[in-house]
Amino acid sequence: MRAILTTPPTGGVQLSDFSAKDEKGIRIKTYATGICGTDKEIVGGRLPFIRPQLGNTLVLGHEALGIVEDSGDFQGFKKGDFVVPMVRRPGNCRMCRLGRQDYCEDGQFVEAGIRGKDGFMRDEFLEDPRFLLKVEGVDDKSIAVLTEPLKNVMKMKEIFNFLRTRIPWYCEDSTLACKNLYVFGTGTEGLLISVVFKTLGTNVVIVNRHPLEESEMSFLDQNKIDFLDTSSESIESRVMKEQMDVAIDGVGSMDVLKAISDNVRNNGIVILFGTAGQVASSNYQFIDNLVDKNTSVAGSTDGAKEHYREAIQFLGNYGGKYSLRKIITGTYRPDELHIFKEKEKGEIKKVIAWS
Ligand code: BGC
Ligand code: ZN
């Protein structure tokens, strides 16, 4: 079969003939795979933790949507079901044994298409049904390729809902309508964070350092999400009008962390998701700020099976209302490998169609 391979740790990308060894489970035909920043970092040789499953190449791809071809003797799935596989597979620590490998304690997990397990950018794969979710209740099945990035947001929501009960933090009418959430980064994750937190009832402001392309603006306009371009208005001036109660960062730069610590309101909530491999500078004032303001700061990565389930539900309930299809800005063939290197004008999420 065809597969898109990379060579850890140097990266690179090639379409090759591939045959899987030691795979058991439900036979799935790949329908579509998404490309994200992680894939581009891997291809560029910038992710130090990537490792092959066997030999010295790794099949790329952790964002996938497939169709069951043969469910064998496994219960609960049948030919023709649309399914999404999980990225991270448990090791042996306590959290992994509890099904919360997203909170793995010792790093012994593997991740499909990233570390120690071949990914889904190939014609087909065999999957353990424990790590497979059925796409049900979603009219436009093709948007379910967004399940994997969306599950990360569902975990952020779980963390937010936990942190906000630290003190009676809700508004006087018991809702979150008086709370402003600033989202840093306007890629797929940033847009998905914006819509999910909008459904929680917060006001959302999405932030970037430059004007957006029309594809991104039309998505935000349609969903009534405010955009702050910090090249034309500073965060400081914006928070005078709309205080920063919550900040979620999808960028991972020190500049953003500083802007958050300077501007977040007392008793605010900060969730950090983005990583950029940056080393802290000597300006440590931001720590004092966060301490002085009683800020709740949480790091968040990956998500549990339950978050995939919630993501599928969200796609079913809100996929049409928020036009989530607009996030997919291009569909390509498996041999169009240039898409791992170039950024198209107006690009948000690129998808490879396999069948
Ligand atoms: C995936 C996560 C994964 C992380 C780090 C992200 O792109 O969505 O599931 O844990 O990369 O490997
Ligand atoms: Zn990803």
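Since we're looking at a predicted model, the values are computed, not measured.

How each quantity is defined
- One numbering rule holds for all chains: residues counted from 1, following each sequence as written.
- For naming, the first written chain is A and the first written ligand is 1, with later ones following in the order written.
- Only residues with pLDDT of 70 or above have their local features reported here, since the model is predicted, and side-chain atom pairs are shown and tallied only from 80 upward, although totals for entire chains, interfaces and linings are computed over all residues.
- In computing side-chain values, all of the structure's heavy atoms are included and hydrogens and water are not.
- Only protein chains enter the calculation, and the probe is 1.4 Å; a residue is then buried if its accessible area is under 20% of its type maximum, exposed if over 50%, and partly exposed in between.
- Secondary structure elements follow DSSP: runs of H or I no shorter than four residues count as helices, runs of E no shorter than two count as strands, and numbering proceeds from the N terminus.
- Two strands pair under a simple rule: DSSP has to find at least two bridges between them.
- Any residue with a heavy atom lying within 4 Å of a molecule or strand is counted as near it.
- Counted as a polar contact is a pair of N or O atoms within 3.5 Å, where, for protein atoms, one must be capable of donating a hydrogen and the other of accepting one, and residues adjacent in sequence contribute only when both atoms are in side chains.
- Only the protein chains shown count as cover for residues, and all accessible areas are computed by the Shrake-Rupley method using a 1.4 Å probe.
- Each residue is assigned to one of three groups, with Ala, Val, Leu, Ile, Met, Phe, Trp, Tyr, Cys and Pro labelled nonpolar, Asp, Glu, Lys and Arg labelled charged, and all others, Gly among them, labelled polar.
- Inter-axis angles, ranging from 0 to 180 degrees, are taken between N-to-C directions of lines fitted to C-alpha atoms, where helices are fitted over the stretch in contact.
- Contacts were defined at the residue level, with two residues in contact if any of their heavy atoms lie within 4.5 Å.
- Here is the rule for angles: anything less than 35 degrees is roughly parallel, anything more than 145 is roughly antiparallel, 65 through 115 is roughly perpendicular, and the remaining ranges are oblique.

Let us now look at the pairing of strand 6 (residues 82-85). Side chains Phe82 and Val84 project from strand 6 onto one buried face, and the interleaved Val83 and Pro85 project onto a second face that is buried too. With two bridges connecting them, strand 5 (residues 63-70) and strand 6 associate as antiparallel partners. Looking at strand 6, one finds that Ile67 is bridged to Phe82. Direction of pairing for strand 6 relative to strand 11 (residues 132-134): antiparallel, over a ladder of three bridges. The residue of strand 11 that forms the bridge with Pro85 is Leu132.

Before going further, it helps to examine the site of ligand 1. Contacts to ligand 1 come from Cys36, Thr38, His62, Arg88, Glu111, Ile114, Arg115, Glu148, Lys151, Asn152, Thr301 and Asp302. In the environment of ligand 1, an oxygen atom lies 3.0 Å from a nitrogen or oxygen atom belonging to the side chain of Lys151. In the model, an oxygen atom of ligand 1 is placed 3.0 Å from a nitrogen or oxygen of the Asn152 side chain. Contact with the protein chains covers 89% of the free accessible surface of ligand 1, which is 310 Å². Here the element with the most residues in the shell around ligand 1 is helix 3 (residues 147-163); it accounts for three residues. Among the residues forming the shell around ligand 1, the class breakdown is two nonpolar, four polar and six charged.

Further remarks concern the sheet that holds strand 15 (residues 244-249). The six strands lie next to each other as 14-13-12-15-16-17, forming an open sheet whose pairing is parallel. Looking at which strands have only one partner, the edges of the open sheet turn out to be strand 14 (226-229) and strand 17 (296-299). For this sheet the average axis-to-axis angle between neighbouring strands, irrespective of direction, equals 20°. Sheet topology note: the strand 16 (residues 264-272)/strand 17 ladder contains four bridges and is parallel. Of the residues in strand 17, the one forming a bridge with Ile271 is Ala298. Lying on the sheet, helix 7 (residues 254-263) is in contact with strand 12 (180-184), strand 15 and strand 16; it crosses strand 16 at an angle near 155°.

Let us look at the pairing of strand 1 (residues 2-7). Relative to strand 2 (residues 11-17), strand 1 is paired through five bridges, and the arrangement is antiparallel. Directly across from Ala3, in strand 2, lies its bridge partner Ser16. Between strand 1 and strand 2, which pair antiparallel one after the other, the connecting turn spans three residues. Two elements, strand 1 and strand 4 (residues 58-59), share two bridges in a ladder whose sense is antiparallel. Bridged to Leu5 within strand 4 is Val59.

Before going further, it helps to examine the packing of helix 3 against helix 9 (residues 305-318). Relative orientation of the contacting elements helix 3 and helix 9 amounts to 110°, with a least axis distance of 8 Å. With respect to helix 9, the axis of helix 3 lies roughly perpendicular. Within the contact between the two elements, helix 3 uses Thr147, Glu148, Leu150, Lys151, Met154, Lys155, Lys157 and Glu158 and helix 9 uses His307, Tyr308, Glu310, Ala311, Ile312, Phe314 and Leu315. Looking at side-chain class alone, the contact of helix 3 with helix 9 contains seven nonpolar, two polar and six charged residues.

With that out of the way, let us pick up the sheet that holds strand 8 (residues 110-112). Spatially, the three strands line up as an open sheet ordered 7-8-9, and their pairing is mixed. Since the sheet does not close on itself, it has two edges, and those belong to strand 7 (88-89) and strand 9 (116-117), each with one partner. Of the pairings in the sheet, the one linking strand 8 to strand 9 comprises two bridges and is parallel in character. By the bridge assignment, Glu111 is partnered in strand 9 with Gly116.

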